[in-house]
Amino acid sequence: MGKSIAFLGLGVMGYPMAGWLSRNGYQVTVYNRTTSVAERWIAEYSGKYALTPDTAVHNAEIIFLCLGNDKDVEEVVLAEHGILAGIKPNAIVVDHTTTSASLAKRLAVALSAQDCGFIDAPVSGGQQGALNGQLTVMCGGQLEYFGQVESAITCFAKAVQLMGPVGSGQLCKMVNQICIAGLVQGLAEGLNFAERAGLDAHQVVDVISKGAAQSWQMENRFETMLAGDYEHGFAVQWMRKDLGFALDEAGHNGSSLPVTRLVDSYYAEVQELGGNRWDTSSLLARLKV
Ligand SMILES: NC(=O)c1ccc[n+]([C@@H]2O[C@H](COP(=O)([O-])OP(=O)(O)OC[C@H]3O[C@@H](n4cnc5c(N)ncnc54)[C@H](OP(=O)(O)O)[C@@H]3O)[C@@H](O)[C@H]2O)c1
């Protein structure tokens, strides 16, 4: 039998990630705040579900989290029936939520007081990467703990890298989001320009995606963007959270992020259009108003 694992948070990302662990022979206990989702998960995969975080982690050697934001993680870890109330010594918590680096450091201290380890491990690759088991995972924490969780993470990842001490995974993810923000805006502007210039935008992408303009966003998002379909993928609300972390951190380390700040304000406008849960490629919707 594989290691005993708890997976908390069966959202767009967590649901398939937990599924990959089950498929690879781990004994998985899932927890989701909305229980019907956990019921659906155990109907689809081999495993159990628990009604509270503390009972979910009771026997777990590794505890995976994939929640929304800092506040959600704090609740699930620190609340009355949270993880700290049920965790056994020597267990390791791996947090796949994208959070602030400061939260990662605080959690590592709280877990260490209970003789447990912590790895911050935000992911990149989107819903498709989670479904295909092809995520990229950026980790922060002690090498000793990383060595104990790396092979489990590999069940849903094509790349797993320890970046440095606790918080380094989150800092790396901030770089990832900074790089994406301006790029998606550029793609939205390009597609909008193509259409307004009377070009066949599909044909344009067919040509330019073979050259220097090519990107993951272009390959994976241009069709849905041109169709105006944004009900999928990585939610604008989560992108704004992530850009907020990057802008905060830049305030501390002195980086200049003018484009990131501008694109963040564009996402605020997308939210005003009703796009809180739309995919981040919905920057194009703002240009069409
Ligand atoms: N989606 C992507 O493409 C993508 C890509 C890379 C990174 N991420 C990051 O991965 C994380 C998860 O994203 P997602 O798209 O999977 O989000 P999601 O679909 O909104 O799922 C969030 C999950 O967290 C649970 N949750 C939220 N607040 C909670 C609380 N206070 N207590 C207990 N459970 C709570 C939700 O439970 P309920 O079902 O009860 O709401 C749900 O299971 C986020 O930090 C996001 O930034 C997402």
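Worth saying up front: this structure is predicted, and the values here are computed from it rather than measured. (Residues numbered from 1 in each chain as written. Predicted model: local features only at pLDDT ≥ 70, side-chain atom pairs only at ≥ 80, totals over all residues.)

### Description of the environment of E195
Phase 1: Within the fold, E195 resides in helix α8 (residues 168-196).
Phase 2: Note: C-alpha distance between E195 and L226 (31 residues apart in sequence) is 9.2 Å. (Helix = DSSP H or I, 4+ residues; strand = E, 2+ residues; numbered from the N terminus.)

### Topic: the domain arrangement of the protein chain
Phase 1: Taken domain by domain, the protein chain consists of domain 1 (4-165) and domain 2 (171-288).
Phase 2: Here the C-alpha centroids of domain 1 and domain 2 sit 28 Å apart.
Phase 3: With 11 residues of domain 1 at the interface, the matching set in domain 2 holds 13 residues.
Phase 4: Of the residues forming the side of domain 1 that touches domain 2, the biggest block, 3 residues, is contributed by helix α6 (residues 126-132).
Phase 5: Taken together, the residues of the side of domain 1 that touches domain 2 break down into 4 nonpolar, 7 polar and no charged. (Domains from an automatic or database assignment. Contact = placed C-beta atoms within 7 Å. Nonpolar A, V, L, I, M, F, W, Y, C, P; charged D, E, K, R; others polar.)

### Some words on the site of the ligand
Phase 1: Taken together, 26 residues lie around the ligand, and G11, R33, T34, D72 and F234 are the ones closest in.
Phase 2: Where the shell around the ligand is concerned, the elements lending two or more residues are α4 (70-78), β7 (123-124), α6 and α11 (236-253).
Phase 3: In terms of residue count, the dominant contributor to the shell around the ligand is α4 (3 residues).
Phase 4: Each of two domains, domain 1 (4-165) and domain 2 (171-288), supplies a minimum of three residues to the shell around the ligand. (Near = placed C-beta within 6 Å.)

### A look at the nonpolar core
Phase 1: Counting residues in hydrophobic clusters, the biggest one holds 91 residues, and the most contacted among them are I5, I62 and I63.
Phase 2: Ranked by the residues each element gives to this core, the list is headed by α8, at 10 residues.
Phase 3: Counting the residues that make up this core, at least three belong to each of domain 1 (4-165) and domain 2 (171-288).
Phase 4: Setting aside anything within four residues of it in sequence, one finds I5 in contact with L21, Y26, Q27, V28, A60, I62, F64 and A152. (Core = buried A, V, L, I, M, F, W, Y, C linked by C-beta atoms within 7 Å. Buried ≥ 20, exposed ≤ 12 C-beta atoms within 10 Å, placed from the backbone.)

### Section: the packing of α8 against helix α12 (residues 258-272)
Phase 1: The interhelical angle for the contact between α8 and α12, taken along N-to-C directions, is 60°, at an axis separation of 9 Å. By the criterion of interaxial angle, the relationship of α8 to α12 is oblique. Along this stretch, α8 crosses α12, giving a crossing that reads as left-handed. Listed contacts from α12 to I178, A181, G182 and Q185 of α8 are V259, T260, V263 and Y266.
Phase 2: Here the contact of α8 with α12 is built from residues that sort into 5 nonpolar, 3 polar and no charged. (Axes fitted to C-alpha atoms, helices over the stretch in contact; angles between N-to-C directions. Parallel < 35°, antiparallel > 145°, perpendicular 65-115°, else oblique. Left-handed = near helix turned anticlockwise from the far one by under 90°.)

### Concerning the environment of Q142
Phase 1: In this fold, Q142 is placed in the loop between β8 (135-140) and α7 (143-153).
Phase 2: For the pair Q142 and E272, spaced 130 residues apart in the sequence, the C-alpha separation amounts to 42 Å.

### Section: the pairing of strand β9 (residues 157-164)
Phase 1: Looking at chain direction, β8 and β9 are connected through 6 bridges and run parallel. Counterpart to M138 in the pairing with β9 is Q161.
Phase 2: Read as a crossover between parallel neighbours, the route from β8 over α7 to β9 is right-handed. (Pairing = 2+ DSSP bridges. Right-handed = clockwise from strand over helix to strand, strands pointing away.)

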